[in-house]
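What follows is the residue order along each chain.
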Amino acid sequence: MRVSFSFFGVFLSFLYGCGNKSVCDIYCSLCVNSSFRTCYEMLVVHWCRYHFNMAMASMNSTVWCSLERVKSAYNNFTVCTETVADCLLLPWPNHFVESIFVDIHTTYFQECPTEALRDPPPSIVLALVMTPICLIPAMVVLVVLKTKNGDRRS
């Protein structure tokens, strides 16, 4: 669904050129002499990414892995890239912004520890495996006893 709207937005950009939000006039005025795609890339790098980098630089690098400390800057960057794309009637997300996010994660969050998934304790695995194994014969016995009585009622 988003793809069809994105295509429609690209089509409309050739007809109208700019979104209808009040903030869009600022972005569109910067894109008068270039294609919206090129202008979008410039705005994301020189406006959105710049402010994200400044927000990250204002933090100590030891707190970069704390979601509570980083989520505001990260959200602001996401909203910025989406707002500029909406104003320029370009699809979002797109390959360019995806590569920017990958670059941000490589730059700032690569050293963050991740919780490794591990197997549950053997007692839990045994309980989860044995429960259906024991229930199947019990269900078979109930079906056989029910049919032996000759009771045809449901």
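Residues numbered from 1 in each chain as written. Predicted model: local features only at pLDDT ≥ 70, side-chain atom pairs only at ≥ 80, totals over all residues. Heavy atoms only, no water.

The relative placement of two packed helices is expressed as an angle between their axes plus a distance between the axes. With their axes 12 Å apart at the nearest point, helix α3 (residues 36-57) and helix α5 (residues 95-108) run at an angle of 25° to one another. Here α5 runs roughly parallel to α3, going by the angle between their axes. Like other packed secondary-structure pairs, α3 and α5 cross with a definite hand, here right-handed. Seen from α3, the contacting residues are Y40, E41, V44, V45, R49, F52, N53 and M56; seen from α5, they are F96, V97, I100, D103, I104, T107 and Y108. Residue composition of the contact of α3 with α5, by class: 10 nonpolar, two polar and three charged. (Axes fitted to C-alpha atoms, helices over the stretch in contact; angles between N-to-C directions. Helix = DSSP H or I, 4+ residues; strand = E, 2+ residues; numbered from the N terminus. Parallel < 35°, antiparallel > 145°, perpendicular 65-115°, else oblique. Left-handed = near helix turned anticlockwise from the far one by under 90°. Contact = heavy atoms within 4.5 Å. Nonpolar A, V, L, I, M, F, W, Y, C, P; charged D, E, K, R; others polar.)

Attention now moves to the pattern of salt bridges. A complete count under the given rule lists two salt bridges for this structure. Notably, a salt bridge pairs R49 with D103, separated by 2.9 Å at the nearest N-O pair. Highlighted residues: R49 in helix α3 and D103 in helix α5, separated in sequence by 54 residues. Relative accessible area serves as the criterion here: at 34%, D103 is assigned to the partly exposed category. (Salt bridge = Lys/Arg side-chain N within 4 Å of Asp/Glu carboxyl O. Buried < 20%, exposed > 50% of the residue type's maximum accessible area, 1.4 Å probe, protein only.)

W92 connects to P93 through a cis peptide bond whose omega is 0°. Take P93: it is sitting in the loop between α4 (67-87) and α5.

This part is about the packing of aromatic side chains. With the rule as written, the count across this model stands at nine aromatic pairs. For the ring pair W64 and Y108, a centre distance of 4.8 Å and an interplane angle of 80° mean the geometry is edge-to-face. You can see W64 sitting in the loop between α3 and α4 and its partner Y108 sitting in helix α5, a full 44 residues away along the chain. On the basis of relative accessibility, which here comes to 12%, the residue Y108 falls in the buried class. (Phe/Tyr/Trp six-rings, centres within 6.5 Å; stacked < 30°, edge-to-face > 60°.)

All chains considered together, the criterion is met by two disulfides. The disulfide bridge from C48 ends at C80, spanning 1.9 Å between sulfur atoms. Across the S-S bond linking C48 and C80, the dihedral sits near -70°, which makes this disulfide left-handed. Placement of C48 in helix α3 and of C80 in helix α4 is noted, with a sequence separation of 32 residues between them. Under the relative-accessibility criterion, C80 is labelled buried at 12%. (Disulfide = S-S within 2.5 Å.)

It is worth spelling out the UniProt feature "transmembrane region" (unreviewed entry) in the protein at this point. As recorded in UniProt, the sites labelled "transmembrane region" (unreviewed entry) are residues 124-145. Annotation note: span residues 124-145, helix share 100%, strand share 0%, distance between end C-alpha atoms 32 Å. (UniProt positions renumbered as here; feature names shortened; annotations may be inferred.)

What follows concerns a nonpolar patch on the surface. A surface patch of nonpolar side chains, about 410 Å² in accessible area, is lined by V125, L126, V129, M130 and I133. Relative accessible area serves as the criterion here: at 35%, M130 is assigned to the partly exposed category. (Patch = residues over 30% accessible without salt bridge, like charges linked within 9 Å, V, L, I, M, F, W, Y side chains within 5 Å. Areas by Shrake-Rupley, 256 points an atom, 1.4 Å probe, with all protein chains shown as cover.)

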